[in-house]
Amino acid sequence: MEKKSKKKLGCILVILIFVLPPLIFYVAMFMPRIYYFSIDRQRVSQEFYLDLTDDVKLVSYKDDSFLVAIDTELVVEVDDAERFLQNNVKFDLIKYLPGNFFDYKSRGDEHISIRIEPHHGKYRVHLYHSE
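Residues numbered from 1 in each chain as written. Predicted model: local features only at pLDDT ≥ 70, side-chain atom pairs only at ≥ 80, totals over all residues. Heavy atoms only, no water.

**What to know about the overall build of the protein**
Looking only at helices and strands, the protein has 3 helices and 7 strands in total. Tracing the protein from N to C terminus, the helices and strands come up as α-β-α-β-β-α-β-β-β-β. Looking at the protein as a whole, 31% of its 131 residues are labelled buried. For the protein, the proportion of contacts with a sequence separation of at least 24, taken over those separated by at least 6, is 45%. (Helix = DSSP H or I, 4+ residues; strand = E, 2+ residues; numbered from the N terminus. Buried < 20%, exposed > 50% of the residue type's maximum accessible area, 1.4 Å probe, protein only. Contact = heavy atoms within 4.5 Å.)

**Section: the confidence of the model for the protein**
Across the protein, the average pLDDT comes to 80, with 82% of residues at 70 or higher. Element-level mean pLDDT values for the protein span from 59 in strand β5 (residues 101-105) up to 91 in strand β2 (residues 57-63). (pLDDT = per-residue confidence, 0-100.)

**Re the pairing of β2**
A regular strand places its side chains so that they alternate between the two faces of the sheet. The buried fraction of β2 amounts to 5 of the 7 residues, a majority that puts the element mostly inside the structure. One ladder, built from 3 bridges, connects strand β1 (residues 33-35) with β2; its direction is antiparallel. Residue pairing for β2: Ile34 is matched across the bridge by Lys62. Strand direction decides the pairing type here: β2 and strand β3 (residues 71-78), joined by 6 bridges, are antiparallel. Bridging across to β3, Asp63 finds its partner in Thr72. (Pairing = 2+ DSSP bridges.)

**Re the nonpolar core**
Core analysis: the largest hydrophobic core is formed by 21 residues, its most contacted members being Phe48, Leu50, Leu74, Val76, Phe84, Val125 and Leu127. Excluding its chain neighbours within four sequence positions, the residues that come into contact with Val125 are Leu74, Val75, Val76, Val78, Phe84, Ile114, Arg115 and Ile116. (Core = buried A, V, L, I, M, F, W, Y, C linked by side-chain atoms within 4.5 Å.)

**Examining the environment of Asp64**
Take Asp64: it is sitting in the loop between β2 and β3. What makes Asp64 partly exposed here is its relative accessible area of 30%. A C-alpha to C-alpha distance of 6.5 Å links Asp64 and Arg33, two positions 31 residues apart in sequence. If we ignore the near neighbours within four places in the chain, the residues touching Asp64 are Phe30, Pro32 and Asp71.

**Thoughts on the environment of Ile114**
Assignment of secondary structure puts Ile114 in strand β6 (residues 111-119). Linking Ile114 and His126, residues 12 residues apart in sequence, is a C-alpha distance of 5.6 Å.

**A few points about the pattern of salt bridges**
Inspection of every chain in the model, using the stated rule, returns 3 salt bridges. Here Asp79 and Lys122 are joined by a salt bridge, their closest N and O atoms 3.5 Å apart. Of this pair, Asp79 sits in the loop between β3 and α3 (81-87) while Lys122 sits in strand β7 (residues 122-130), and the two are 43 residues apart along the sequence. Classification of Asp79 by relative accessible area gives partly exposed; the value is 47%. Residue classification places Lys122 among the partly exposed positions, given a relative accessible area of 35%. For Arg115, the salt bridge identified is with Glu117, shortest N-O distance 3.2 Å. With relative accessibility at 22%, the residue Arg115 sits in the partly exposed group. Look at Glu117 and you get partly exposed, because its relative accessible area is 28%. (Salt bridge = Lys/Arg side-chain N within 4 Å of Asp/Glu carboxyl O.)

Below, the structure is given as structure tokens:
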């Protein structure tokens, strides 16, 4: 019995030493981070070039960036989507697809797309930022 318990202990140690650290590293580096409660209004307003007033509710922020590639999504909830686009977006919008898709380019290689969807009598505005 003693030989079997040593073998089990050895297997557990191999898993803990050689399998678990790379798995933790993979999860930390490649899994997207999604925030629902601790969204920094000032930081996301600068990143997405928005004027976030008090009537704009922040729903979620997803950061799927890797190294120097930026890939983020901000979801806000507003009463009137058209007024939000006119008053809160700091750049000219170009409608590029039929329906509720908009596109605007800020500086250099930055690209921000906007999608609007109705949600329980209000509107959810999805802003995608990629570089």
